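# Overview (structure and organization)
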Amino acid sequence: MMANKWFETVAVAQRRAKRRLPKSVYGALVAGAEAGVTVRDNVAAFSELGFGPHVAGLPAKREMATAVMGQEISLPVLISPTGVQAVHPDGEVAVARAAAARGTVMSLSSFASKPVEEVVAASPRTFFQMYWVGGRDEMAARMERARAAGAVGLIATLDWSFSFGRDWGSPHIPEKMTLREMIRQAPEAVSRPAWLYEWLRTGAIPGLTVPNMAVGGAPAPTFFSAYAQWMQTAPPSWDDVAWLREQWGGPFMLKGVTRVDDAKRAVDAGVTALSVSNHGGNNLDGTPATIRLLPDIAQAVGDQVEVLLDGGVRRGGDVVKALALGARAVLIGRAYLWGLAANGQAGVENVLDLLRAGIDSCLLGLGRSSIAELSPEDLVIPPGFTRRLGA
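Residues numbered from 1 in each chain as written. Predicted model: local features only at pLDDT ≥ 70, side-chain atom pairs only at ≥ 80, totals over all residues. Heavy atoms only, no water.

## Overview of the overall build of the protein
Counting secondary structure elements, the protein contains 14 helices and 12 strands. Against the globule reference of 21 Å for 391 residues, the protein gives a C-alpha radius of gyration of 20 Å, in line with a compact fold. Put simply, the protein has 391 residues, and 54% of those count as buried. Long-range pairs, those at least 24 residues apart, make up 73% of the contacts in the protein between residues at least 6 apart in sequence. Split by element, the accessible area of the protein, about 16300 Å² in all, is 54% carbon and sulfur. Each charge class in the protein was averaged separately, 39 positive and 37 negative side chains, and the resulting centres sit 7 Å apart. (Helix = DSSP H or I, 4+ residues; strand = E, 2+ residues; numbered from the N terminus. Rg over C-alpha atoms; globule rule 2.2 N^0.38 Å. Buried < 20%, exposed > 50% of the residue type's maximum accessible area, 1.4 Å probe, protein only. Contact = heavy atoms within 4.5 Å. Areas by Shrake-Rupley, 256 points an atom, 1.4 Å probe, with all protein chains shown as cover. Lys, Arg positive; Asp, Glu negative; His and termini not counted. Charge placed at Lys NZ, Arg CZ, Asp CG, Glu CD.)

## Section: the nonpolar core
Formed by 98 residues in total, the largest nonpolar core has its most connected members in L274, I291, L294 and I332. When neighbours within four sequence positions are excluded, I332 is seen to be in contact with V77, L78, I79, S80, V313, V351, L352 and L355. V68, M69, V105 and M253 belong to the second-largest nonpolar core, a separate cluster that totals 12 residues. (Core = buried A, V, L, I, M, F, W, Y, C linked by side-chain atoms within 4.5 Å.)

## As for the sheet that holds strand β9 (residues 273–276)
Taken together, 8 strands build an open sheet; the order of strands is β4-β11-β10-β9-β8-β7-β6-β5 and the sheet is parallel. The open sheet terminates on both sides in strands that have one partner only, identified here as β4 (77–79) and β5 (106–109). Within the sheet, the average angular offset between the axes of one strand and its neighbour, ignoring direction, is 30°. Against the sheet, helix α13 (residues 316–324) makes contact with β4, β10 (306–310) and β11 (329–332), and its axis sits at roughly 135° relative to β11, the strand it touches most. Contacting β4 and β11, helix α14 (residues 334–366) runs over the sheet at an angle of about 160° to β11. (Pairing = 2+ DSSP bridges. Axes fitted to C-alpha atoms, helices over the stretch in contact; angles between N-to-C directions.)

## Focus: the pattern of salt bridges
In total, this model carries 14 salt bridges according to the counting rule given. Its salt-bridge partner being R292, residue E48 comes within 2.7 Å of it at the nearest N-O pair. Linking E48 in the loop between α3 (37–47) and β1 (50–51) with R292 in helix α12 (residues 290–301), this pair joins segments that are 244 residues apart in sequence. For E48, a relative accessible area of 37% corresponds to the partly exposed category. (Salt bridge = Lys/Arg side-chain N within 4 Å of Asp/Glu carboxyl O.)

## Overview of the packing of aromatic side chains
All chains considered together, the criterion is met by 9 aromatic pairs. On the numbers, 6.1 Å between centres and 90° between planes, the contact of W132 with W243 is edge-to-face. With W132 in the loop between β6 (126–130) and α6 (136–149) and W243 in helix α10 (residues 238–248), this pair connects stretches of sequence that are 111 residues apart. The same class applies to W132 as to W243, namely buried. Taking the centre distance of 5.3 Å and the plane angle of 85° together, the rings of F223 and F224 count as edge-to-face. Relative accessible area serves as the criterion here: at 25%, F223 is assigned to the partly exposed category. Among the aromatic residues, those joined into a ring-pair cluster are F111, Y131, W160, F223, F224, Y227 and W230. (Phe/Tyr/Trp six-rings, centres within 6.5 Å; stacked < 30°, edge-to-face > 60°.)

## Remarks on the pairing of β10
By the criterion of burial, β10 is predominantly enclosed, with 5 of the 5 residues buried. Direction of pairing for β9 relative to β10: parallel, over a ladder of 4 bridges. Each bridged residue has a counterpart across the sheet, and for V276 the counterpart in β10 is L309. Note that the unit made of β9, α12 and β10 has a crossover that is right-handed. Two strands pair when backbone bridges link them, and β10 and β11 are joined in this way by 3 bridges, in the parallel orientation. Pairing of D310 across the sheet is with L331, part of β11. (Right-handed = clockwise from strand over helix to strand, strands pointing away.)

## Concerning unusual backbone geometry
At E34, a residue that is not glycine, the phi angle is positive and equals roughly 50°. As for its position among the elements, E34 is in the loop between α2 (23–30) and α3. Looking at E34, the relative accessible area reads 34%, which means it is partly exposed. Phi angles above zero are rare outside glycine, and M69 is one such case at about 50°. Residue placement: M69 occurs in the loop between β2 (66–68) and β3 (71–73). Note on M69: relative accessible area 2%, which makes it buried.

## Here we look at the packing of helix α11 (residues 260–268) against α12
Where α11 meets α12, the axes come as close as 9 Å, and the angle between the chain directions of the two elements is 35°. Along this stretch, α11 crosses α12, giving a crossing that reads as right-handed. Contact residues: α11 offers V260, A263, K264 and V267, while α12 offers D296, I297, A300 and V301. In terms of residue class, the contact of α11 with α12 is made up of 6 nonpolar, no polar and 2 charged. (Left-handed = near helix turned anticlockwise from the far one by under 90°. Nonpolar A, V, L, I, M, F, W, Y, C, P; charged D, E, K, R; others polar.)

## Notes on helix α4 (residues 91–101)
Of all 11 residues in α4, 8 are buried, a share of seventy percent or more. Those residues of α4 not exposed but buried are G91, E92, V93, A94, V95, A96, A98 and A99. On its buried face, α4 sits against β4, β5, α5 (116–122) and α14. Positioned one or two residues after α4, G103 has a phi angle of 75°, which is positive.

The following block contains the structure:
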């Protein structure tokens, strides 16, 4: 047992998560699609960008508060929706508490392990995320449940292409945690006693159901039964996007945009915000890093909708680079999951604190008193860095 559970970078949190989690659980967190080209580029592309710091006349105070979809947040970092979080017994509720404690927004996946009612109770500023699964009546019912629970915004994630097959192998994830599966998983679990103890003392086992996909009082389906329904659902049209936005009737984000022409269509559909995202490299492998795609999308539609970035953010400097290239804020996924695995709610708070401190250091060095002052002039951008997809 480590006496000091605080960690100084997200990379340290990742190493601790790898030591603490069973191999299959950790594998599910780091997994990317196919050869992993996109998941690597998401992170590596940030390293290609440099800073142009000043030496004197620096601001004594720096401001990083902003607003996203009508929600005031204390730093330009939001929690991105991620699926079943078996890394910790408290899962999304712990993440929501951390988001609330640090003054930012929680985003809850419809494939999460905790019901929306519990998560909103932990963090009233929660955006509910949906995939296009089932018929319109089912989707309307899920929206109404989220609205009744108190969700303050809706995120539609529509970029999934059901890619599978990873060169390094996919982790085994059972349909249900039966006695046979528990016996099969026992060697892995026993090899990670701290993780196992945390679950045993709650009297629970990792849930493999997705309660927010249930409709009309039905029991929560298993992850794979909901996924099968998703695979059998016809992909949405732009009319469907407009219908979702109209049915929700409040702040609405489209997540998964990588092309300028799609960004323009999103504006026409009436979205409040869009997230430049490639699903963390888990979708169509070979899609460019989101930070490469951001500048052209922000330039094309940033004066009409809020533009956010999701993918590859590991430190405050990455956040500043994204904001300088046109993002209003960023969403983080793996970073907070590693914090959750390393130290529960406190670990997620630790990650958010690190990002806040990193943003502040960059603002100081760049001579900016506010994130609103950031621009491409603060960066060293190598020739050919950006990628423009669509017209």
